[in-house]
Amino acid sequence: MPSPTRLLILVGTTYGNAESVAQAIAFDAGDRFDEVEVRRMDDLDISVFDAGTATCHLICCATHGSGDVPDNAQALAASLANEPRYLGHVRYGVVALGDSSYASTYLGGGLRFDALLSDLGARRVGEVMALDAATVDEPDQAAVEAIRPWLDLALAPA
């Protein structure tokens, strides 16, 4: 499988932090891909993963409430759970935002998407990247630093 030429960052956010993180990542990754797109998860469904092998997906998702995905990500999560199909062609990464002072729900939104995609055969690149609101003062900068090794892995031929 060739290296991806497109990075599609899918954003699940409540207060805009995940979107800000996604924009920072997109800016930093712009010179490594032919195309980088940031899309809010609003009204998306499983078909967003039909982009083909030239696209690498990055889930950038906050955690809301009791470890849930944000409201704008509910439809996509439901589609992955209720309209299952094999996603073996999908390579993805996860940037999960949360607050470790809520230990039982920490990173729940991002981890939910990781589990859903993994269950459908999608292949995660690297580890889930955690952004902890309890310890990180500047999540945008922390994300950019954390994403660089992931980008190297994502750009390697599968």
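Conventions we followed
Residues numbered from 1 in each chain as written. Predicted model: local features only at pLDDT ≥ 70, side-chain atom pairs only at ≥ 80, totals over all residues. Heavy atoms only, no water. Axes fitted to C-alpha atoms, helices over the stretch in contact; angles between N-to-C directions. Helix = DSSP H or I, 4+ residues; strand = E, 2+ residues; numbered from the N terminus. Parallel < 35°, antiparallel > 145°, perpendicular 65-115°, else oblique. Left-handed = near helix turned anticlockwise from the far one by under 90°. Contact = heavy atoms within 4.5 Å. Nonpolar A, V, L, I, M, F, W, Y, C, P; charged D, E, K, R; others polar. Buried < 20%, exposed > 50% of the residue type's maximum accessible area, 1.4 Å probe, protein only. Lys, Arg positive; Asp, Glu negative; His and termini not counted. Salt bridge = Lys/Arg side-chain N within 4 Å of Asp/Glu carboxyl O. Polar contact = N/O pair within 3.5 Å; in protein donor to acceptor, adjacent residues only side chain to side chain. Expected span 1.5 Å × (residues − 1). Pairing = 2+ DSSP bridges. Right-handed = clockwise from strand over helix to strand, strands pointing away.

Visitor: Any details on the packing of helix H2 (residues 74-82) against helix H3 (residues 108-119)? Residues and values, ideally.
Guide: In a packed pair of helices, the relevant descriptors are the angle between the two axes and the axis-to-axis distance. Between H2 and H3, the least distance of the axes is 9 Å, while the angle of their chain directions is 30 degrees. Relative to H3, H2 is oriented roughly parallel. Here H2 and H3 pass one another in a crossing that is left-handed. Residues Leu76, Ala77, Leu80 and Ala81 of H2 pack against Arg112, Phe113, Leu116 and Leu117 of H3. Here the contact of H2 with H3 is built from residues that sort into 7 nonpolar, no polar and 1 charged.

Visitor: Let's hear about the side chain of Arg91: which residues, and what values?
Guide: Note that Arg91 resides in strand S4 (residues 91-98). Despite being buried, Arg91 has no salt bridge partner; Asp152 is the closest side chain of opposite charge, sitting 11 Å away. Polar contacts involving the side chain of Arg91 include one to the main-chain carbonyl oxygen of Leu153, which spans 3.3 Å. A distance of 3.2 Å separates a polar atom in the side chain of Arg91 from the backbone oxygen of Ala156.

Visitor: Tell me what's going on with H3, and back it up with residues and numbers.
Guide: Under the 1.5 Å per step criterion, the end-to-end length of H3 is 16 Å for 12 residues, consistent within 8% with the ideal 16 Å. If you check which residues of H3 are buried, you get Gly108, Gly109, Gly110, Phe113, Asp114, Leu116 and Leu117. On its buried side, H3 packs onto strand S3 (55-61), H2, S4 and strand S5 (123-124). Positioned one or two residues after H3, Gly121 has a phi angle of 90 degrees, which is positive.

Visitor: Would you mind going over the pairing of S4 in detail, with residue names and values included?
Guide: Most of S4 is tucked away, with 8 of its 8 residues classed as buried. Every second residue of S4 is oriented toward a common face, with Arg91, Gly93, Val95 and Leu97 on one face and Tyr92, Val94, Ala96 and Gly98 on the other, all of them buried. When S3 meets S4, the two strands line up parallel, connected through 6 bridges. Paired with Cys56 across the strands is Arg91, a residue of S4. You can see the chain leave S3, run along H2 and come back into S4, and the turn it takes is right-handed. Sheet topology note: the S4/S5 ladder contains 2 bridges and is parallel. Directly across from Arg91, in S5, lies its bridge partner Arg123. Alignment of S4 against strand S6 (residues 129-132), held across 4 bridges, turns out to be parallel. Within S6, the position partnered with Leu97 by the bridge is Leu131.

Visitor: Please set out the side chain of Thr55 residue by residue, giving values where relevant.
Guide: Mapped onto the secondary structure, Thr55 falls in strand S3. Its relative accessible area of 4% is what places Thr55 among the buried residues. Within the local environment of Thr55, its side chain forms a polar contact with the side chain of Arg6, the two groups lying 3.4 Å apart. Excluding anything up to four places from it in sequence, Thr55 contacts Pro4, Arg6, Leu8 and Arg91.

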